[in-house]
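Architecture and fold: a report
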Amino acid sequence: MDTVTVKQRQQAAWAAGDYAAVGTRLLLTAELLCEAVDLRAGERVLDVACGNGNASLAAARRFCQVVGVDYVPALLERARRRADAEGLDATFQEGDAEALPFPDASFDAVLSTCGAMFAPDQEQTAAELLRVCRPGGRIGMVNWTPDSYVAELFRAIGRQVPPPAGLRPPAQWGDEGRLRELFGPAVGITAPRREFLWRYPSAAHQAEFFATFYGPVTRTLAALDEERAAALKAEMVEIAERYNVAGDGTLVLRMDYLEAVIRKPADR
């Protein structure tokens with residue numbers, strides 16, 4: 001697997017559409033993650049693959065010293081604008097989850113909400129999260145589970161545009177057993193399964209919303225002919241209805257995720 005090419009394609013996908021429109025509606029998961037990690041004022045916090053800054057701003061609300069990194073400049077700019085609008089102190093810079101531009105043990109807590117899980121080299125990404133976390137520090141992650149709506153969506157995308165051979169599904173990060181493989185036996189892991197309810201006017205509206213704003217969907221649809229694009233949209237509606245817990249004609253989309261807190265040993 002050529003991870004450089006994969007990463008370039010991923011970067012282009014996440015830059016397509018406008019992920020900020022999607023990420024803004026996932027804010028609650030970042031706030032809950034900061035509580036799970038038990039952030040304290042003054043702690044040094046890194047938000048990896050920060051997107052438009054949900055976890056960064058949640059940590060800044062708790063008076064932490066925050067840096068957010070992402071490889072999509074447009075998303076970093078949106079994060080800066082949000083911080084300015086809310087009067088929050090956070091720094092944002094370009095960075096790759098597989099090669100974080102910081103010395104060892106730079107942060108008390110390292111966060112990632114539905115971000116680092118998409119890096120192509122899972123082992124390298126986990127090693128980097130551990131490396132920049134100080135001994136005794138915490139890594140907090142929101143990761144979609146293998147049986148979640150998002151995992152089903154990416155399987156549908158993969159049937160239209162197959163992923164590169166050897167690329168592990170991102171939703172493996174949403175399995176506690178896989179986290180233990182990635183981070184090793186020395187760490188302590190708490191990883192309860194959570195649900196986030198995402199509310200839309202209808203499943204059809206949600207499919208169009210993702211077609212417009214969610215980069216992986218936007219880019220996939222652009223690569224398909226009209227018939228296959230229509231088929232993917234129809235499958236997206238069907239998947240959304242499968243996870244719909246509303247009974248009134250609207251969409252209340254059940255989003256299953258793992259809220260993982262990984263504790264690095266104090267002597268490592």
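Throughout what follows, the structure given in this document is the object of discussion.

Reading guide: rules and limits
- Per chain, the residues get numbers from 1 upward, laid out in the order the sequence is written.
- Thresholds applied to this predicted model are a pLDDT of at least 70 for local features of residues and 80 or more for the giving and counting of side-chain atom pairs; totals over whole chains, interfaces and linings are not thresholded and use all residues.
- For side-chain calculations, the full set of non-hydrogen atoms in the structure is used, while hydrogens and water are omitted.
- Put simply, DSSP marks the helices as runs of H or I at least four residues long and the strands as runs of E at least two long, and each gets a number from the N terminus on.
- The globule rule is 2.2 Å times the number of residues to the power 0.38, and the radius of gyration it is compared with is taken over C-alpha atoms.
- Accessible area is worked out with a 1.4 Å probe on protein chains only. A residue is then buried under 20% of its type maximum, exposed over 50%, and partly exposed in between.
- Values of accessible area rely on a 1.4 Å probe in the Shrake-Rupley scheme; residue burial ignores everything except the protein chains shown.
- When charges are counted, Lys and Arg are positive and Asp and Glu negative, with His and the chain ends excluded.
- Lys charges are placed at NZ, Arg charges at CZ, Asp charges at CG and Glu charges at CD.
- By definition, residues are in contact when any of their heavy atoms lie within 4.5 Å.
- The criterion for strand pairing is that DSSP finds at least two bridges linking the strands in question.
- Here, nonpolar core refers to any group of buried Ala, Val, Leu, Ile, Met, Phe, Trp, Tyr and Cys residues whose side-chain atoms link them within 4.5 Å.
- Only the contacting stretch of a helix is used when fitting its axis, a line to C-alpha atoms as for every element, and angles between N-to-C directions run 0 to 180 degrees.
- Any angle between 65 and 115 degrees counts as roughly perpendicular, while under 35 counts as roughly parallel, over 145 as roughly antiparallel, and the rest as oblique.
- Rotating anticlockwise by less than a right angle from the far helix to the near helix defines a left-handed crossing, while the corresponding clockwise rotation defines a right-handed one.
- Residue type decides the class: Asp, Glu, Lys and Arg count as charged, Ala, Val, Leu, Ile, Met, Phe, Trp, Tyr, Cys and Pro as nonpolar, and the leftover types, Gly among them, as polar.

Along its length, the protein chain carries 11 helices and eight strands. Relative to a compact globule of 268 residues, whose C-alpha radius of gyration would be 18 Å, the protein chain shows 18 Å and is just as compact. With 268 residues in all, the protein chain has 55% of them scored as buried. Here the protein chain has roughly 11400 Å² of accessible surface; of this, 52% comes from carbon and sulfur atoms. In the protein chain, 30 positive and 37 negative side-chain charges are present, and the distance between their average locations comes to 3 Å.

Along the chain, Pro135 turns up in strand 5 (residues 133–144). Here the alpha-carbon distance between Pro135 and Asp89, two residues 46 residues apart in the chain, equals 25 Å.

In this section: helix 10 (residues 215–223). Among the residues making up helix 10, those that are buried are Gly215, Pro216, Val217, Thr218, Thr220 and Leu221. Packing partners of the buried residues in helix 10 comprise helix 1 (3–15), helix 7 (149–160), helix 9 (203–213) and helix 11 (226–242).

Our focus in this paragraph is helix 9. For helix 9, the full list of buried residues reads Ala203, Gln206, Ala207, Phe209, Phe210 and Ala211. At its buried positions, helix 9 is contacted by helix 2 (19–23), helix 7, strand 7 (193–200), helix 10, helix 11 and strand 8 (251–263).

Taking burial as the measure, the 13 residues of strand 8 include 11 buried ones, the bulk of the element. Where strand 5 meets strand 8, seven bridges bridge the pair, whose relative direction is antiparallel. Within strand 8, the residue paired with Val142 across the bridge is Glu259. Bridge count for strand 6 (residues 188–190) against strand 8 is three bridges, and the pairing is antiparallel.

Unusually for a residue other than glycine, Phe63 sits at a positive phi of about 60 degrees. Tracing the sequence through the fold places Phe63 in the loop between helix 4 (54–60) and strand 2 (65–70). Since its relative accessible area comes to 67%, Phe63 is described here as exposed. Within the chain, Ala105 stands out as a residue other than glycine whose phi angle is a positive 55 degrees. If you trace the backbone, Ala105 turns up in the loop between strand 3 (90–94) and strand 4 (107–113).

In this section: the nonpolar core. Leu46, Tyr149, Phe183, Phe210 and Tyr214 are the most contacted members of the largest nonpolar core, which totals 92 residues. For this core, the element with the highest residue contribution is strand 8, accounting for eight residues.

As a further point, take the packing of helix 7 against helix 11. For the pair helix 7 and helix 11, interaxial distance at closest approach is 10 Å and the crossing angle is 160 degrees. With respect to their mutual orientation, helix 7 and helix 11 come out roughly antiparallel. Once helix 7 is placed against helix 11, the crossing between them reads as right-handed. Contacts between helix 7 and helix 11 involve Tyr149, Glu152, Leu153, Ala156, Ile157, Arg159 and Gln160 on the former and, on the latter, Arg228, Leu232, Glu235, Met236, Ile239, Ala240 and Arg242. Classifying every residue of the contact of helix 7 with helix 11 gives eight nonpolar, one polar and five charged.

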